[in-house]
Every structure is written in structure tokens, then in C-alpha cells.
Amino acid sequence: MSDYMIALNSDGSLRSAGPIEDELEANPELEKAAKEDIQETKEQISTGEDKVEETKPGNSLVKDEEKSEGRISKRAMFSFFKYVPLLFS
């Protein structure tokens, strides 16, 4: 499990970065989303929705990968590379 959290804006720029406990305390909206995600995960585990579907013989073991292309703003790239060293220190 991770000890450090990075939150991004919709344009890919950095919203916040720091220890998980500090980030959740500082952002109640994020804390609410985290609690909802935990509850949803617990429900999936209890109902068994996470089980892998059985494959029929003859199905391909390798599926074509979906390809997409996108752009990242310079601001987001600079912000990312500014905080990457913090992750490995």
C-alpha cells in the first residue's frame, strides 16, 4: 500500500501531493470519495463480483489492445517531473 498520494486536476495538473492521511484531512471531498470506494470494494468482495469469468475453449488468450492517442499539457508535464524526485526520496 502506498504512503504518498498525488491528486490531479482534470487537465492533468497537480492538485495536491503528500502523505495520504494529510491529504484526506485537508480535502473532505476526497475523503468522502475514498470512503465510498472502500465501501464499494467491500460490497464487490462480499457478493463475489470480482470473480473472473470462465473462458470457453477456443477463445483467444491474447486480445487486441485498444489504442488511443492523447495530449498532455506542458504545465502538467513540468508539474509531474517536478514531483517525481519526491516519490523516490
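Computed from a prediction, not measured in an experiment: that's the story for all the values here. (Residues numbered from 1 in each chain as written. Predicted model: local features only at pLDDT ≥ 70, side-chain atom pairs only at ≥ 80, totals over all residues. Heavy atoms only, no water.)

*Asks:* Kindly report on the pairing of strand β1 (residues 4-8), identifying the contributing residues and their values.
*Replies:* Going residue by residue along β1, you find Met5 and Ala7 tucked away on one face and Tyr4, Ile6 and Leu8 left uncovered on the opposite face. Relative to strand β2 (residues 14-19), β1 is paired through five bridges, and the arrangement is antiparallel. The residue bridging Met5 from the neighbouring strand is Gly18, located in β2. Counting the residues that bridge the hairpin from β1 to β2 gives five residues, and of these Gly12 lies at a positive phi of roughly 95 degrees. (Buried < 20%, exposed > 50% of the residue type's maximum accessible area, 1.4 Å probe, protein only. Helix = DSSP H or I, 4+ residues; strand = E, 2+ residues; numbered from the N terminus. Pairing = 2+ DSSP bridges.)

*Asks:* Give me the lowdown on the layout of surface pockets, citing residues and values where you can.
*Replies:* Quantified by volume, the largest pocket comes out at close to 190 Å³. If you go around the largest pocket, you meet 13 residues; those closest to its centre are Leu8, Gly12, Ala76, Ser79 and Phe80. Of all the secondary structure elements, the ones that give two or more residues to the lining of the largest pocket are β1 and α3 (74-87). Across the lining of the largest pocket, the residue classes tally to ten nonpolar, three polar and no charged. (1 Å grid on protein atoms, 1.4 Å probe; cavity = no way out; pocket = protein on both sides within 12 Å on 5 of 7 lines; lining within 4 Å. Points joined across faces, edges and corners; volume = space filled by probe spheres on them. Nonpolar A, V, L, I, M, F, W, Y, C, P; charged D, E, K, R; others polar.)

*Asks:* Would you mind going over the pattern of salt bridges in detail, with residue names and values included?
*Replies:* Across all of its chains, the model carries one salt bridge by this definition. With its nearest N and O atoms 3.9 Å apart, the salt bridge here joins Lys35 to Glu31. One end of the pair, Lys35, and the other, Glu31, are both in helix α2 (residues 28-47), four residues apart, so they sit about a helical turn from each other. Relative accessible area serves as the criterion here: at 31%, Glu31 is assigned to the partly exposed category. (Salt bridge = Lys/Arg side-chain N within 4 Å of Asp/Glu carboxyl O.)

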